[in-house]
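An overview of the molecular structure
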Amino acid sequence: MGVLDGKVAVVTGSGRGIGRGIAMLYAAEGAKVIVNDPGVAVDGSGHDEGPAAQVVNEIKEAGGEASANFDSVAKFSGGENMVKQAVDTYGRIDIVVNVAGILRDRMVFNMTHQEWDDVIAVHLKGHYNTIKPASVLMRQQRYGRIINFSSSSGLIGNTGQVNYGAAKAGIGGLTRGVARDLGRYGITVNSISPGAATRMTATVPDAARDLRAQAGVSGAASNAPVQESAFLRRDPDDVAPMAAFLASDDAWNINGQIFYVNGSRVGLTNHPVPEDGVFKPGLWTMPELDDAVHNVLLKDKKNPAPPREDVEVPGRDVDAKSLA
Ligand SMILES: NC(=O)c1ccc[n+]([C@@H]2O[C@H](COP(=O)([O-])OP(=O)(O)OC[C@H]3O[C@@H](n4cnc5c(N)ncnc54)[C@H](O)[C@@H]3O)[C@@H](O)[C@H]2O)c1
């Protein structure tokens, strides 16, 4: 008996990395799985049916049920085809896991419009493209599980990833919004912000990681309360148990949440709410805002990306003198 016995799942981008681990565990837990993956390179180029076909073979060899799909989530027809394939092959659709992803890292001033559009299309629109057709059927059957993939790059911010970060932050907003649209019909919608060593993270140069760490923006994983390195195994398969739990009946009342899953550490993100407030009757003057923003709202808060020393910054001298 598995926790997903009889369930039918679409797992996008499950030919490799984190998605592969989820497809394998879902099948081991009794789900019938549509293994979607067009087998593209990290930047989204190319097409290779090998990875999805291989995962389907491995699932079948282990006694599970799976069927390969090679559509791109970036197209609405791709999302529709995956859901249709689930219904045509296995009779229904219960679970959608949106794992597919690409990277086109570039500083914003060098970014091409294509790099922006392509990353938004796979991640943000890719989530919509599967959720929309699945939600129609899930609403009718009064049951469903949707599990999305965000990132600390979107929830916190990262250098050179404005396209990816914007999409991943958008997925946070989409998760909370769709959860409110569908929760009343017995459907849950949650998101995972993972950390794992895959070919995707291998593309981030060590120099960039060091810079981010020095600036104190290395990501939520390193800021989380539990620091023991034993928990940070970074194996992509470590993300799968949480994705299976969220799809199980035991998670029926967990909705609209974003979880960090990194190695064997699972965390919950807080909902963005105003942290602090300042108030006065009437309009603020600039000197009053200078005082309130610096000395109340941002007291003890660090600028995640301060100007370099060699950059002449109007205002920095004034602050330096007033501190002296
Ligand atoms: N690995 C991490 O530490 C990490 C951190 C934060 C977020 N994420 C997110 O987790 C997810 C999985 O990442 P991963 O590290 O396993 O990456 P990965 O590159 O190993 O796997 C991603 C898979 O998505 C597939 N894919 C790409 N474009 C697609 C498309 N248009 N349609 C369908 N499939 C497509 C690729 O072919 C690939 O097999 C991604 O959404 C990623 O942004 C990963």
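Look up a bit, the structure's there.
Cut-offs and rules
- Residues numbered from 1 in each chain as written.
- Predicted model: local features only at pLDDT ≥ 70, side-chain atom pairs only at ≥ 80, totals over all residues.
- Heavy atoms only, no water.
- Helix = DSSP H or I, 4+ residues; strand = E, 2+ residues; numbered from the N terminus.
- Buried < 20%, exposed > 50% of the residue type's maximum accessible area, 1.4 Å probe, protein only.
- Contact = heavy atoms within 4.5 Å.
- Areas by Shrake-Rupley, 256 points an atom, 1.4 Å probe, with all protein chains shown as cover.
- Polar contact = N/O pair within 3.5 Å; in protein donor to acceptor, adjacent residues only side chain to side chain.
- Pairing = 2+ DSSP bridges.
- Axes fitted to C-alpha atoms, helices over the stretch in contact; angles between N-to-C directions.
- Parallel < 35°, antiparallel > 145°, perpendicular 65-115°, else oblique.
- Left-handed = near helix turned anticlockwise from the far one by under 90°.

1. Some details on the overall build of the protein
Counting secondary structure elements, the protein contains twelve helices and eight strands. Burial statistics for the protein: of 324 residues in total, 42% are counted as buried. Across the protein, the fraction of contacts at a sequence separation of at least 24, relative to all contacts at a separation of at least 6, is 71%. Put simply, the protein shows about 16900 Å² of open surface, and 56% of that area lies on carbon and sulfur atoms.

2. Digging into the environment of Arg180
Of note, Arg180 is situated in helix 6 (residues 162-182). Separated by 76 residues in the primary sequence, Arg180 and Gly256 place their C-alpha atoms 7.4 Å from one another. In terms of polar contacts, Arg180 uses its side chain to reach the backbone carbonyl oxygen of Arg176, at 3.1 Å.

3. A closer look at the environment of Val83
Mapped onto the fold, Val83 is located in helix 3 (residues 76-90). On a C-alpha basis, the gap between Val83 and Ala134 in space is 6.2 Å, while along the polypeptide they are 51 residues apart. Beyond its immediate sequence surroundings of up to four residues, Val83 is in contact with Ile93, Thr130, Pro133, Ala134 and Leu137.

4. Some words on the pairing of strand 7 (residues 258-262)
A large share of strand 7 lies buried, amounting to five of its five residues. The side-chain alternation of strand 7 yields two buried faces, one formed by Ile258, Tyr260 and Asn262 and the other by Phe259 and Val261. Bridge count between strand 6 (residues 187-195) and strand 7: five bridges; the pairing is parallel. Counted as the bridge partner of Pro194 is Val261 from strand 7. In this structure, strand 7 lies alongside strand 8 (residues 265-268), joined through four bridges in antiparallel fashion. The partner of Val261 across the bridge, within strand 8, is Val266.

5. Structural notes on the side chain of Asn98
If you trace the backbone, Asn98 turns up in strand 4 (residues 95-98). Judged by its relative accessible area of 2%, Asn98 is buried. Here the side chain of Asn98 touches Thr130 through a polar contact of 2.6 Å, side chain to side chain. Among all residues touching Asn98, those that are not within four sequence positions of it are Thr12, Gly126, His127, Thr130, Ile131, Ile146, Ile147, Asn148 and Phe149.

6. Digging into the packing of helix 4 (residues 113-141) against helix 6
To describe two helices that pack against each other, one gives the angle between their axes and the distance between the axes. The N-to-C vectors of helix 4 and helix 6 enclose an angle of 15°; their axes lie 8 Å apart at closest approach. Comparing the axis directions of helix 4 and helix 6 gives the class roughly parallel. Helix 6 is crossed by helix 4, and the crossing has right-handed handedness. Of helix 6, the residues touching helix 4 (which contributes Glu115, Trp116, Val119, Ile120, His123, Leu124, His127, Tyr128, Ile131 and Ser135) are Val162, Asn163, Tyr164, Ala166, Ala167, Lys168, Gly170, Ile171, Leu174, Val178 and Leu182.

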